[in-house]
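If you want the building blocks of each chain, they are given just below.
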Amino acid sequence: MYRYQDIIVIDFEGFKGKPPSMVGIWEKYPNRNQPYYRVIILDQDLKGLVDIKDLRAIYVDLNDFMENIIARARRENKKIIAYSEHELLKFGESGIDISDCYVNARAETKTWFTINKIPNRPKPLGLKPVLKYLNYPALIDYGTQRVTEKIKKIKKELIRHKQDPTKLTPLAQENWRDLVAYNEQDVRGVVYVLEQIGLLKP
């Protein structure tokens, strides 16, 4: 069982076989009453997005982000949680082992279904099918392929306009907002699953 202050939930977005482009984080911070979701840009070719004022995003170098978050997790005795081994492997590709602090929420969910002999479990046990099974409110299916297409288009425009977000087309700005919404849904969805299977409470 975890408490909100015991965990950091993360979800990378990006292209298969390449370093992540961005990460969404859900965490309970000491100076906030409620857990907080935020976005960090990890690809310098998307750095201009931090200047879109109505979306809370900052830019951090990928290795700096990885080293800082694992150091803080160990220092504060927190678990880094994601819904697969994907994030664990991405850290590993950068030469950073976080296995001592990492929790695979999908594996925990599979164990819950098995131990409790839950009928008609979703197959495959992906996050979206599980959220649907557990009646997650207002679930939106953005589609993984569409996510990478959006990143590619935004990146292309930012490079062309030398990272000036004011020159992004309305469609590109909408794509960025969709990406943040998609990521936030996934991050908050992991939190919801952990609550529903009895592994997390405030």
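Quick note: structure is the one above.
The text that follows walks through the structure, step by step, so that each part is easy to find. (Residues numbered from 1 in each chain as written. Predicted model: local features only at pLDDT ≥ 70, side-chain atom pairs only at ≥ 80, totals over all residues. Heavy atoms only, no water.)

**With respect to the nonpolar core**
1) Next: Core analysis: the biggest nonpolar cluster contains 47 residues, and Leu49, Ile81 and Trp176 have the highest contact counts within it.
2) Next: Going through the elements one at a time, β2 (7-13), β3 (22-27), β4 (36-41), α3 (105-115), α4 (127-133), α5 (144-160) and α6 (170-196) are the ones with two or more residues in this core.
3) Next: Tallying contributions element by element places α6 first for this core, with 11 residues.
4) Next: Non-local contacts of leucine 49, meaning those with residues more than four positions away in its chain, are made with Ile41, Ile154, Leu158, Leu168 and Trp176.
5) Next: Formed by 22 residues, the second largest nonpolar core is a distinct cluster that contains Tyr29, Val60, Ile70 and Ala73. (Core = buried A, V, L, I, M, F, W, Y, C linked by side-chain atoms within 4.5 Å. Buried < 20%, exposed > 50% of the residue type's maximum accessible area, 1.4 Å probe, protein only. Helix = DSSP H or I, 4+ residues; strand = E, 2+ residues; numbered from the N terminus. Contact = heavy atoms within 4.5 Å.)

**Examining helix α2 (residues 86-93)**
1) Next: Among the residues making up α2, those that are buried are Glu87, Lys90 and Phe91. Summarising the axial view, the buried residues of α2 lie within an arc of 100°, below the 170-degree limit, and thus occupy one face. Residues of α2 that are exposed and angled more than 90 degrees away from the buried face: Leu89 and Glu93.
2) Next: Residues of α2 that are buried sit in contact with β2, α1 (62-75), β6 (79-82) and β7 (102-104). (Arc of directions from axis to C-beta.)

**A few points about the pattern of salt bridges**
1) Next: Throughout the structure, instances matching the rule amount to 10 salt bridges.
2) Next: Residues glutamate 27 and lysine 78 are paired through a salt bridge, measuring 2.7 Å at the closest nitrogen-oxygen approach. Here glutamate 27 is found in strand β3, whereas its partner lysine 78 is found in the loop between α1 and β6, with 51 residues between them in sequence. The residues glutamate 27 and lysine 78 share a single accessibility class, namely buried. (Salt bridge = Lys/Arg side-chain N within 4 Å of Asp/Glu carboxyl O.)

**Concerning a positive patch on the surface**
1) Next: There is a patch of like positive charges on the surface, built from Lys18, Lys152, Lys156 and Arg160.
2) Next: Its location among the elements puts lysine 156 in helix α5.
3) Next: Overall, the relative accessible area of 58% leaves lysine 156 in the exposed class. (Patch = residues over 30% accessible without salt bridge, like charges linked within 9 Å, V, L, I, M, F, W, Y side chains within 5 Å. Areas by Shrake-Rupley, 256 points an atom, 1.4 Å probe, with all protein chains shown as cover. Lys, Arg positive; Asp, Glu negative; His and termini not counted. Charge placed at Lys NZ, Arg CZ, Asp CG, Glu CD.)

**Points about the pairing of β2**
1) Next: The element β2 is largely enclosed, with a buried count of seven among its seven residues.
2) Next: As paired elements, β2 and β6 share three bridges and run parallel to each other. When the sheet's bridge partners are listed, isoleucine 7 is paired in β6 with lysine 79.
3) Next: Pairing analysis gives six bridges linking β2 to β3, with the strands arranged antiparallel. Directly across from aspartate 11, in β3, lies its bridge partner glycine 24. (Pairing = 2+ DSSP bridges.)

**Observations regarding the packing of aromatic side chains**
1) Next: All chains considered together, the criterion is met by eight aromatic pairs.
2) Next: Relative to tryptophan 26, the ring of tyrosine 4 has its centre 5.1 Å away and its plane inclined at 85°; by these criteria the two rings are edge-to-face. Of this pair, tyrosine 4 sits in the loop between β1 (2-3) and β2 while tryptophan 26 sits in strand β3; the two residues are 22 residues apart in sequence, bridging distant segments of the chain.
3) Next: When its relative accessible area of 4% is taken as the criterion, tryptophan 26 is described as buried.
4) Next: Ring geometry for phenylalanine 113 against tyrosine 133: centres 5.4 Å apart, planes inclined by 65°, an arrangement best described as edge-to-face. Residue phenylalanine 113 is located in helix α3, and its partner tyrosine 133 is located in helix α4; the two are separated by 20 residues in the primary sequence.
5) Next: For phenylalanine 113, a relative accessible area of 0% corresponds to the buried category.
6) Next: Members of the aromatic cluster, connected to one another through ring pairs, are Phe12, Phe65 and Phe91.
7) Next: Above the ring of phenylalanine 15, the side-chain terminus of lysine 18 is found at 5.7 Å from the ring centroid.
8) Next: The lysine or arginine in question, arginine 32, covers the ring of tyrosine 36, its NZ or CZ lying 3.9 Å from the ring centre. (Phe/Tyr/Trp six-rings, centres within 6.5 Å; stacked < 30°, edge-to-face > 60°. Lys NZ or Arg CZ within 6 Å of the ring centre and 35° of its normal.)

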